[in-house]
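# Results of the structural survey
The chain contents come next:
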Amino acid sequence: MSSISLSPLDWTILAAYFIILLAIGLWASSKRKKGSSLFLAEHSLRWHHIGFSMWGTNVGPSMLIASASAGFTTGIVSGNYAWYAFVFIALLAFVFAPRYLGSGVSTLPEFMGLRFGQQTRNILAWYTIVTILISWLALTLFAGGILIRQVFSIPMWASALILLAISAFFSMAGGLKAVAYTNVYQMVLLIVVSATLTIAGLIKIGGVGALAAAVPADYWVLFRPNSDPDFPWLPIIIGYPIMGVWFWCTDQSMVQPVLAAQSLNEGQKGANFTGWLKILDVPLYIVPGILCLALFPSLKNPDEAYMTMVTNLFPIGMVGLVMAVLTAALVSTIGSALNALSTVFTIDIYAKRIHPNATQTEIIRTGRIVTVVGAIIAVVICVAIDSIQGLNLFNVFQSVLGFIAPPMSAVFLFGVFWKRTTTRAANMALTFGTLFSLGVGVLYLWVLPASEHTFWPHFMMLSFLIFVCIALTMIVISLFDHTSLATDTGSDTSVMSAHSAKGNEKAPSTGVRIAWILLFIVMIALYVFFN
């Protein structure tokens, strides 16, 4: 992507964004009770905090740029990854959230520890920490660092440090509450700016009808034939759920706002709000790419579609606002990830294993230290990624994350839905299942790359098949393993007993049911219309 030039007005707007952001963060930090936990915002988050935080964690500048690029090259079909998510966000709201909140846990490894025991909790805790460091922090910093480097002309390590310093400030000063409150401001800004870009593009081309006529007809179809090499409908239908369950239901960074909800009712409404916000992904992120194809068909690099629209359609000043939005997306994701990293290490490792008698003050201090250490490690990984030439590592690592999903999804689904699942089966899935899944990923991406060997199924189908193998192995082990059944059943009972203690929250409220019914109707209508 070519370098970005900002006018004095752009710089003024960008500076104003940071001043307002810091003011909101300081205000939210002042609202935190002295000595209270940094991690779950004193269980004070309302539905709008939860929705904006989950959506904000999901959004990054790479997503904005990649979505516009996908719109430019293939139309709205990649919108499946946004719109299909509502099914799994509903699964979080009605299946997982009642159990998480009912058991009173602070982390998802802690929840699985109640179900399967301390060893499973330990494995999951370190698993989560590594995932956050690589996927949520290092890769987000890598993508954001490229963007910041273009504007400020500074090295990658300095770009990463700037982003981390801002994000870590909120995580350390006000914890999840500061992160959640600033996310609301940042995501509203993102919606306004992205919607303005789409509207400006539609006005320039002459309206929706003119846009539809200017691009291929299949650009408005969500389900393509199975012969389509990139987006066949069957692998998406059966493969995406493996990714969806892992990402929306079992990932600490995504689920933590729900864990911090005022009540189950607020958590379910917040998840519903996230589902509505995901609808916006297509008009705000993908449609600008389609508009770019119609307006600038000679553009050589699809990755430049988003910024091409910005620099050609927005006046002086608005470019600075766009840079503020891209920075907001970065800070939102990084802040949520740092808080999740700090939470898991402090709760699942420090307070459980290293210092069980730690005071709240010691726990808070440790959480802040972990935030700093995690940030430093993330910068090192980010710089290492940037130093390797000749390989699109960002896309490679994103693909690798797809091979993390099958074992995690299997353990959580079996742990919740099948009481007969034993600790041995869960631990085998998390260890040998992960090695198997990642091993297939290495073959798929590097040793026998799919780009050169046609025998590989589609990426999403491969994820589904790996999940089936791990699930069948868990069933067999559980059926023949009688040694830990009594312990497992007892652990599961403790979770269910804790959940029963909040039985008054178990049945969704009328408002929650209506909101979800409306969302399901709208999503089905969208899928019918665009097919």
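Fair warning: this is a prediction, and the values are worked out from it, not measured in the lab.

## Quick notes on the overall build of the protein
- Regarding its fold elements, the protein presents 23 helices and zero strands.
- For the protein, the residues scored as buried account for 60% of the 531 residues in total.
- For the protein, contacts bridging at least 24 residues in sequence account for 85% of all contacts bridging at least 6.
- Of the roughly 20400 Å² of accessible surface on the protein, 70% is carried by carbon and sulfur atoms.

## Observations concerning the environment of Val95
- Tracing the backbone shows Val95 in helix α5 (residues 86–103).
- Taking the C-alpha atoms as reference, Val95 lies 9.4 Å from Phe417; in sequence the two are 322 residues apart.
- Not counting chain neighbours up to four residues away, the residues in contact with Val95 comprise Ala90, Val416 and Phe417.

## Regarding the layout of surface pockets
- Space inside the second largest pocket adds up to approximately 300 Å³.
- Surrounding the second largest pocket, 14 residues form its lining, Val208, Trp220, Pro283, Val287 and Phe530 being those nearest its centre.
- Classifying every residue of the lining of the second largest pocket gives 13 nonpolar, one polar and no charged.

## Side note on the nonpolar core
- One finds Trp83, Phe96, Tyr100, Leu137, Trp248 and Tyr306 to be the most contacted residues of the largest nonpolar core, which totals 176 residues.
- Among residues more than four places away in sequence, those in contact with Trp248 are Met54, Asn58, Ala85, Phe88, Ile89, Leu92, Tyr240, Met254, Val255, Thr274 and Lys278.

## Brief notes about the confidence of the model for the protein
- Predicted confidence across the protein gives a mean pLDDT of 83, with 87% of residues reaching 70 or more.
- Overall, residues 390–394 carries pLDDT values under 50, and its contacts beyond four positions in sequence, including any with other chains, amount to eight contacts.
- Below pLDDT 50 for its whole length, residues 485–505 participates in 29 contacts with residues either more than four positions away or in separate chains.

## Points about the packing of helix α19 (residues 405–417) against helix α21 (residues 459–480)
- Closest axis-to-axis distance for the α19/α21 pair is 9 Å, and the angle between their directions is 45°. Relative to α21, the element α19 is oriented oblique. The hand of the α19/α21 crossing is right-handed. Across the interface between the two elements, Pro406, Pro407, Ser409, Ala410, Val411, Leu413 and Phe414 of α19 pack against Ser463, Ile466, Phe467, Ile470, Ala471, Met474 and Ile475 of α21.

## Structural notes on the environment of Thr74
- Mapped onto the secondary structure, Thr74 falls in helix α3 (residues 61–74).
- Under the relative-accessibility criterion, Thr74 is labelled buried at 12%.
- Those residues within four positions of Thr74 in sequence are excluded, and the remaining contacts are Asp218, Tyr219, Arg224 and Phe231.

## Topic: a nonpolar patch on the surface
- On the surface, Val442, Leu443, Trp446, Val447, Leu448 and Phe455 cluster together into a nonpolar patch covering about 530 Å² of accessible area.
- Turning to its location among the elements, Leu448 is positioned in the loop between α20 (423–447) and α21.
- On the basis of relative accessibility, which here comes to 31%, the residue Leu448 falls in the partly exposed class.

## Some words on the packing of helix α14 (residues 281–295) against helix α15 (residues 305–313)
- Viewed as axis vectors pointing N to C, α14 and α15 meet at an angle of 65°, and their least axial separation amounts to 9 Å. Taken together, the axis directions place α14 and α15 in an arrangement best described as roughly perpendicular. Read as a crossing pair, α14 and α15 show a hand that is left-handed. Contacts between α14 and α15 involve Pro288, Gly289, Leu291, Cys292 and Leu295 on the former and, on the latter, Ala305, Thr308, Met309 and Leu313.
- The class makeup of the residues in the contact of α14 with α15 is seven nonpolar, two polar and no charged.

## Quick look at empty space enclosed by the protein
- As enumerated under the stated definition, the model contains five cavities of 30 Å³ or more in all.
- Its boundaries defined by the atoms lining it, the largest cavity holds a volume of some 60 Å³.
- Every residue lining the largest cavity is listed: Tyr127, Thr128, Thr131, Ile132, Trp136, Trp246, Thr250, Asp251, Gln252 and Met408.
- Going through the elements one at a time, α7 (118–152) and α11 (233–250) are the ones with two or more residues in the lining of the largest cavity.
- With five residues, the top contributor of residues to the lining of the largest cavity is α7.
- Taken together, the residues of the lining of the largest cavity break down into five nonpolar, four polar and one charged.

## What to know about the pattern of salt bridges
- Within the structure shown, the criterion is met by six salt bridges.
- In this structure, Arg121 engages Asp348 in a salt bridge whose closest nitrogen and oxygen atoms are separated by 2.6 Å. Here the residue Arg121 occupies a position in helix α7, and Asp348 occupies one in helix α16 (residues 318–354), the gap between them amounting to 227 residues. For the pair shown, Arg121 and Asp348 are each scored as buried.
- For the salt bridge of Asp228 with Arg224, the shortest nitrogen-to-oxygen distance reads 3.5 Å. You'll find Asp228 and Arg224 in the same group, each marked buried.
- Linked through salt bridges whose partners overlap, the residues forming this network are Arg46, Glu266 and Lys269.

Analysis parameters
Residues numbered from 1 in each chain as written. Predicted model: local features only at pLDDT ≥ 70, side-chain atom pairs only at ≥ 80, totals over all residues. Heavy atoms only, no water. Helix = DSSP H or I, 4+ residues; strand = E, 2+ residues; numbered from the N terminus. Buried < 20%, exposed > 50% of the residue type's maximum accessible area, 1.4 Å probe, protein only. Contact = heavy atoms within 4.5 Å. Areas by Shrake-Rupley, 256 points an atom, 1.4 Å probe, with all protein chains shown as cover. 1 Å grid on protein atoms, 1.4 Å probe; cavity = no way out; pocket = protein on both sides within 12 Å on 5 of 7 lines; lining within 4 Å. Points joined across faces, edges and corners; volume = space filled by probe spheres on them. Nonpolar A, V, L, I, M, F, W, Y, C, P; charged D, E, K, R; others polar. Core = buried A, V, L, I, M, F, W, Y, C linked by side-chain atoms within 4.5 Å. pLDDT = per-residue confidence, 0-100. Axes fitted to C-alpha atoms, helices over the stretch in contact; angles between N-to-C directions. Parallel < 35°, antiparallel > 145°, perpendicular 65-115°, else oblique. Left-handed = near helix turned anticlockwise from the far one by under 90°. Patch = residues over 30% accessible without salt bridge, like charges linked within 9 Å, V, L, I, M, F, W, Y side chains within 5 Å. Salt bridge = Lys/Arg side-chain N within 4 Å of Asp/Glu carboxyl O.

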